[in-house]
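Here is how the chains run, residue by residue.
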Amino acid sequence: MKNILYFDLETQKSAEEVGGWDKISRMGMSVAVTYNTAQAAYRIYSERDVDELIKELQRADLVVGFNNLRFDYEVLHGYTALDLRQLPTLDLLIELQTRLQHRLSLDAVAAATFGVEKTAEGLQAIQWFREGKLLEIAEYCCYDVKLTRLVHEYGAHHRQLHYHNRFGKRLSVAVSW
């Protein structure tokens, strides 16, 4: 069985706090979550476990995320000299952006495809980190990983995803992964 690793992380700081989006590696990881298909299990990582997270990413046959190439990997580049972009990776955001010529949120795809929405957003996770609410961050991150997995599996099975455009109209986009 192929070891697909679904992955997401949250940060300690916002882009504004570190001096802009070109300094993502300075944001610091608060919590990361993976879902490993070979083990059919979720795993939660705190910042002190970042080396174990990187090892799990390296062992995967395929890492699937939503904006993981531009964001999640860049955050982790603050902890490692490895170029994580060299890992076998499917970034769903990039795949959809290439097809549609504009960016979609995970929320827009999940809401139109499954009728469910994200439970929070990244800035809320940063506030939770400041308040020491790591369990809340882990729950939110687990849910995002689950949505990412569902979106990927749906696209693989049905060869399409749905999304709402800015006018609220439900549209479909063909995918091939």
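Residues numbered from 1 in each chain as written. Predicted model: local features only at pLDDT ≥ 70, side-chain atom pairs only at ≥ 80, totals over all residues. Heavy atoms only, no water.

Novice: How would you explain the pattern of salt bridges if you had to name every residue and give the values?
Specialist: Under the counting rule described, the total for this entry stands at seven salt bridges. Two residues, Glu17 and Arg130, come together in a salt bridge whose shortest N-O distance is 2.4 Å. One end of the pair, Glu17, is in helix α1 (residues 15-18); the other, Arg130, is in helix α6 (residues 122-130), and 113 residues separate them in sequence. Among the residues examined, Glu17 registers a relative accessible area of 43% and is labelled partly exposed. Residue Arg130 is classed as partly exposed on the basis of its relative accessible area of 48%. Note that Arg149 is salt-bridged to Glu153, the shortest N-O span being 3.3 Å. Of the two residues, Arg149 and Glu153 both sit in helix α7 (residues 134-158), four residues apart, roughly one turn of that helix. (Salt bridge = Lys/Arg side-chain N within 4 Å of Asp/Glu carboxyl O. Helix = DSSP H or I, 4+ residues; strand = E, 2+ residues; numbered from the N terminus. Buried < 20%, exposed > 50% of the residue type's maximum accessible area, 1.4 Å probe, protein only.)

Novice: Outline the pairing of strand β4 (residues 62-65), listing residues and values.
Specialist: Alternating positions in β4 separate into two faces, Leu62 and Val64 on one and Val63 and Gly65 on the other, with burial throughout. In this sheet, β4 lies alongside strand β1 (residues 4-11) in parallel orientation, the contact comprising three bridges. Of the residues in β4, the one forming a bridge with Ile4 is Leu62. Taken together, the three bridges between β4 and strand β5 (residues 89-91) define a ladder with parallel strand orientation. Along β5, the bridge assignment pairs Val63 with Thr89. (Pairing = 2+ DSSP bridges.)

Novice: Before we move on, can you summarise the side chain of Thr37 with the specific residues and values?
Specialist: Tracing the chain through its elements places Thr37 in the loop between β2 (29-36) and β3 (41-46). The exposure class of Thr37 is buried, given its relative accessible area of 14%. There is a polar contact of 3.1 Å between the side chain of Thr37 and the backbone oxygen of Lys2. Looking at Thr37, its side chain comes within polar contact range of the main-chain nitrogen of Ile4, at 2.8 Å. (Polar contact = N/O pair within 3.5 Å; in protein donor to acceptor, adjacent residues only side chain to side chain.)

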